[in-house]
Every structure is written in C-alpha cells, then in structure tokens.
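# Structural overview
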Amino acid sequence: MTTVIETCRIPPSQGAAAELFLPLSFYDMTWLHFNHTRRLVFYNHPCSEAEFSNTIVPNLKHSLSLALKHYLPVAGNLLYPSDTDTDKPAFRYISGDSVPLTIAVSGLDYNELVANHAREADQFYDLLPRTPAMSEEENYKIIPPISLQVTHLPGRGICLGLSNHHSLGDDRSILGFIKAWAVINKSGNDEAFDSRNGESLPIFERLICKDSSRVDGIYWEAMKKRPLKPPATHPLPTNRVRASFILRHSDIIMLKNRILSAKPNIDRVSTFVVAAAYVWTALEKSLGPAENEDVVYYIAADGTGRPNALFDPPVPVNYFGNCLGSGRVRVKHRRLAAEDGFVAAAEAIVDEIKTKIYNGDEFLKSPENLLTEMPKYKGMRAMAMTGSPKFDYAEADFGWGEAEKVEVLSLDGGYSMSLSNSGDGDLVVGMSLTKEEMEAFASMFATGVKVK
C-alpha cells in the first residue's frame, strides 16, 4: 500500500557550527531506555504527483536543512559510552552529520486515516519512518535520535511521520524544531524564523543547578545498570485499534460544573483536570477491577518558565532538551468505578497538581526521589497522557494550513491518552486499545457526556 520513493540524509545548511557536544542532563537520562516517541501529522493538501515530487519535496529538503542549522543536536547522534564507569552519554554533532528523511507515496485511504471511529492500528506504521540501526565506534554506541518521513496520499494530502528518541527533547522542544521547519518551509528561507524568534532561538546548554553534578551521577548509576537496547519503532502487530473522541466545549463546562457542585471548595478545576479525570474513570469502568486494587495516573508537567525548587531563575522556555516535572495520582479502582468516580478522580488530580506542580517550593524538588518512588507503583494499572493541547503539532503550518489530524502512535502500548485541540474550545482525545476494550470504553465515554 505504501511505496518508498527515496531515502536520503539532510545535513544542516552552510553556516552551521562545525561541532556541538552536549552531555545528557538527568532529565534526559530518564528516557534512555524508552522507545522512540512516534507521531503522524496529516495535512489536507491535495496535490498532483508532479507537484509533490518537483516542488513540495525539494522545498521540504531545503527548509529542513535550514532548520537544522539552528537545531544541531537534531542532526547529531546520541553517544552511549562503552565504558560506563568512565564516561557518560552525550549528544554530539560534527560536520557531516545529517537527519534521515524518507519520501513515500501511499494508497491508504486518507479519509479512514483521519477519521475518529476505531481503525486498525497497524496500518499507520506504513507512514512512520524506519529508525536507522544503532552502530558503534571505538568508545561509543551511536544512536540516531530522530528520523522523518513525508508521505503523499494522492488526491487528498500529505503525512509527516516523526520518530524521535525522547532523550533528545520533550514535546516543547521537538515541536519547536518542527515549527521552525514549518515556518522556514512556508516562507522559503530562515529569515522569517530568525526575525520571529529573535532572542527566543533554542538554548542548548545543559541545565545547571547546585545539585546538577550529584543528581546526574545518581541517575547515571541507575541507568547504566540496564543494558541499552536498540529502539523498536514498529511494534507490529499491535493487536489494537485507534479511535478519537471529542470532548465538546459544552461537555467540558458541564463536567466542571459537576465537580464544583459536588466539591464547592475545590479550586483550579482546569480543562486538563476535567479531561484527565473523565477519560481515566471511563477507562477504569470499562476495564473492570485491576489485579492490584490501586491504580495510578501519571502527570507530566512542563518545567520551563515557572518557579520551582531546583532552578533560580526558572528554566527558559526556549531551552532545548527535557525538563519535565511529574505527579502520581494513586486511587483505589473501586473509587473510580463508583457512581461519583469522576469527581473522586478530579479531586485527587487537583490535589496532586496543587501540592506538587503549582507549588514552586515542591515543583522539581529532589528529582532523584523519582528513582525510588517509581518502583512503588510497579504492578499497578497505570494511565498517562502523551502530549498536550499546549504543544499541538497541528499548529505546524508548512504552507498547507494547520494539520487536520495528529495521531500519536506511542499510545500503542499500555494505557495512555493523547489530547489535542479541535477548535472552538473542543478537545480531541486519542486512544489505542484492543477492539474489545475500545468498544467498552466508547460506550462508557458516551454515557458520561450524555448525562446533562
């Protein structure tokens, strides 16, 4: 169904620095043993094969090269030391490094791919780039941190496939790179990117605080005990279906009011709280009792630009890398499965956010504690959110308008949800489940918002 037309490598354009060497911070090390983050961004942009091959592809290659000049770590490699007692992992760019780009054409049904109803998950991997193999040199294993694919769906649109090692950067950072590529492609040069960003060009120097050296050492001691495995970006067969669910603005208001009616003194009932609590309880009710009575919801929070216990002043918002705080909401399954489970979930999430994230004295405090905290949740059924409406890949406009749909293929494992904007205050919830689980979840999701 999908044919590869070309595989190539795109280096940074002329004028780029000759080299860059960046040690991983402890925030980057957290993700060393995770699989790549995988996304597909669909653009409704009908074009002929001639236009795609002769205009769109050359423009994308040129603009990617210009963007990489400003984002050298993306073009570099992750170096994992052979002697883990002497060296630590780092990102290295040297002149000649480049990003792998695949150009393809697909006969897959565009309308089916961007639909909301349940669809077979495996088909989406045709649109995802293959990750280059891990290689070795004398002192390091070499891991390419990112790969890209642009696929033409004749008569309907274009799909951008992105697979990146999470150690390279969090959503804010990777989206910043994709948006830079998009701005440059739309304008034809990087002058618009330079002028629009001004002093907000990406900052690559690693995060430094009074505890950096100690915490880096603690994380590396923990991470190097696990063998480094090549990332698996095509976990087929997934035995899953994908579907999207819409939380209307009116639904969100109704659900907020339901929480406030039951708990008048609760504060900071955000749209995120409503969405997370609603999806979590719908999932728990549809899955039934957990083997371990307790279940957990993992919260990730952008650590840039806000007061925290670790960095003073706060981390700049244009920092490129990983800087995520976290929270863990632990609740008994029977509480979520009860009639007032949604309110109970919302109250627990609000409490965790209030004490661990909005509290500057606690946020990012003692990050090494994460290493001892996480084993406490082993064996519990877990729910997490991938992505955020704050960092919406659909906003990357390459000159074809905003994207019609974003699919997060990283959902194809465990229980996670994606959350993105859908205009007019609506939210799109992305889910990947087995067919039976999806049918049960869809029924539970619909039942809750019908109760006005």
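Residues numbered from 1 in each chain as written. Predicted model: local features only at pLDDT ≥ 70, side-chain atom pairs only at ≥ 80, totals over all residues. Heavy atoms only, no water.

### Here we look at the overall build of the protein chain
Rule in force here: Numbering of helices and strands runs from the N terminus, with a helix taken as a DSSP run of H or I at least four residues long and a strand as a DSSP run of E at least two residues long. Each radius of gyration reported is based on C-alpha atoms, and the globular scaling rule is 2.2 Å times the count of residues to the power 0.38. Buried, partly exposed and exposed residues are distinguished by accessible area as a fraction of the type maximum, computed with a 1.4 Å probe on protein chains only: under 20%, between the cut-offs, and over 50%, respectively. Every residue pair with non-hydrogen atoms within 4.5 Å of one another is taken to be in contact. Exposure was quantified through the Shrake-Rupley algorithm and a 1.4 Å probe, taking into account, for residues, occlusion by the shown protein chains and nothing else.
A tally of regular secondary structure across the protein chain gives 13 helices and 18 strands. Radius of gyration (C-alpha) of the protein chain: 22 Å, near the 22 Å computed for a compact globule of 452 residues. Residue burial in the protein chain is summarised as follows: out of 452 residues, 55% are buried. Of the contacts made within the protein chain by residues no fewer than 6 positions apart, 81% connect residues no fewer than 24 positions apart. As displayed, the protein chain has an accessible area near 19,500 Å², and 49% of this comes from carbon and sulfur atoms.

### So, the sheet that holds strand β10 (residues 146-153)
Note the following rule: Strands pair, by our definition, only if DSSP identifies at least two bridges between them. The axes used here are C-alpha line fits, helices contributing only the stretch in contact, and every angle between their N-to-C directions lies in the interval 0 to 180 degrees.
Spatial strand order, β1-β6-β10-β11-β3-β16: six strands in an open sheet with mixed pairing. For this open sheet the edge positions go to β1 (2-10) and β16 (405-408), each flanked by a neighbour on one side alone. When strand polarity is set aside, the average angle formed by the axes of neighbouring strands in this sheet is 15 degrees. Helix α5 (residues 171-187) rests against β3 (37-43), β10 and β11 (157-164) of the sheet, and its axis sits at about 140 degrees to β11.

### Some words on the pairing of strand β9 (residues 140-143)
Consecutive side chains along a regular strand alternate between the two faces of the sheet. Where strand β4 (residues 77-81) and β9 come together, four bridges link them in antiparallel fashion. Among the inter-strand pairings, L78 is bridged to a residue of β9, identified as I143. Across two bridges, the pairing between strand β8 (residues 135-136) and β9 is antiparallel. The partner of E136 across the bridge, within β9, is K141. Connecting β8 to the antiparallel partner β9 that follows it, the hairpin turn spans three residues.

### A short note on the sheet that holds strand β14 (residues 324-332)
Pairing in this open sheet of seven strands is mixed, and the strands run β7-β12-β18-β17-β15-β13-β14 from one edge to the other. Each of the sheet's edge strands pairs with one partner strand only, and the pair in question is β7 (119-120) and β14. In this fold helix α8 (residues 249-262) packs onto β12 (241-247) and β18 (427-433), with an angle of close to 70 degrees to the strand it touches most, β12. Together, β12, β13 (294-302), β14, β15 (381-386), β17 (416-421) and β18 form the strand contacts of helix α9 (residues 271-287), whose direction differs from that of β13 by roughly 155 degrees.

### A few points about the side chain of D302
Which entries qualify depends on this criterion: Distance and chemistry together define a polar contact, namely a pair of N or O atoms within 3.5 Å, with one atom able to donate a hydrogen and the other to accept it when in protein, and with adjacent residues in sequence counting only for side-chain atoms on both sides.
Its location among the elements puts D302 in strand β13. A distance of 3.0 Å separates polar atoms of two side chains, one belonging to D302 and the other to T304. In contact with D302, other than residues within four places in its own chain, are R172, C323, L324, F363, K390 and F391.

### Observations concerning the environment of G341
Examined against the element boundaries, G341 turns out to sit in helix α11 (residues 341-356). Among the residues examined, G341 registers a relative accessible area of 0% and is labelled buried. For G341 and A277, which are 64 residues apart along the polypeptide, the C-alpha to C-alpha distance reads 8.7 Å.

### Observations regarding the nonpolar core
The test is simple: Among buried residues, those of type Ala, Val, Leu, Ile, Met, Phe, Trp, Tyr and Cys that are joined through side-chain atoms within 4.5 Å constitute a nonpolar core.
Core analysis: the largest hydrophobic core is formed by 121 residues, its most contacted members being L247, W280, F398 and M431. Sorting elements by how many residues they give to this core places α9 first, with ten residues. Setting aside residues no more than four positions away along its own chain, W280 makes contact with V295, V296, Y297, V329, V331, L336, A345, I349 and M383. In this structure, L108, Y110, F124 and L128 belong to the second largest nonpolar core, which totals 13 residues.

### Things to note about the packing of aromatic side chains
The line we're drawing: Pairing of aromatic rings covers Phe, Tyr and Trp, the last through its six-membered ring, and needs centres within 6.5 Å; plane angles under 30 degrees mean stacked, over 60 mean edge-to-face, and all others mean tilted.
Scanning the entire structure with this criterion turns up 20 aromatic pairs. Arranged with centres 5.5 Å apart and planes meeting at 70 degrees, the rings of F204 and F320 form a pair that is edge-to-face. Here F204 is found in the loop between α6 (191-197) and α7 (212-223), whereas its partner F320 is found in the loop between β13 and β14, with 116 residues between them in sequence. Neither F204 nor F320 differs from the other in exposure class; each is buried. Seen in terms of ring centroids, Y298 and Y377 are 6.3 Å apart; in terms of plane orientation they differ by 75 degrees. Their pairing is edge-to-face.

### Some points on the pairing of β13
When you tally the buried positions in β13, you get seven out of nine residues, the bulk of the element. Note that β13 and β14 share nine bridges and pair antiparallel. Its bridge partner lying in β14, V296 is registered against R330.

### Points about α5
To keep things clear, this is the line we draw: Here, expected helix span is obtained from the residue count minus one, scaled by 1.5 Å.
Across its 17 residues, α5 extends 24 Å between first and last C-alpha, which sits within 8% of the 24 Å expected from 1.5 Å per residue. For α5, the tally of buried residues reaches twelve of 17 residues, placing the bulk of the element in the interior. The set of residues buried in α5 consists of D171, S173, I174, L175, F177, I178, A180, W181, A182, V183, I184 and N185. G188 sits one or two residues past α5 and shows a positive phi near 95 degrees.

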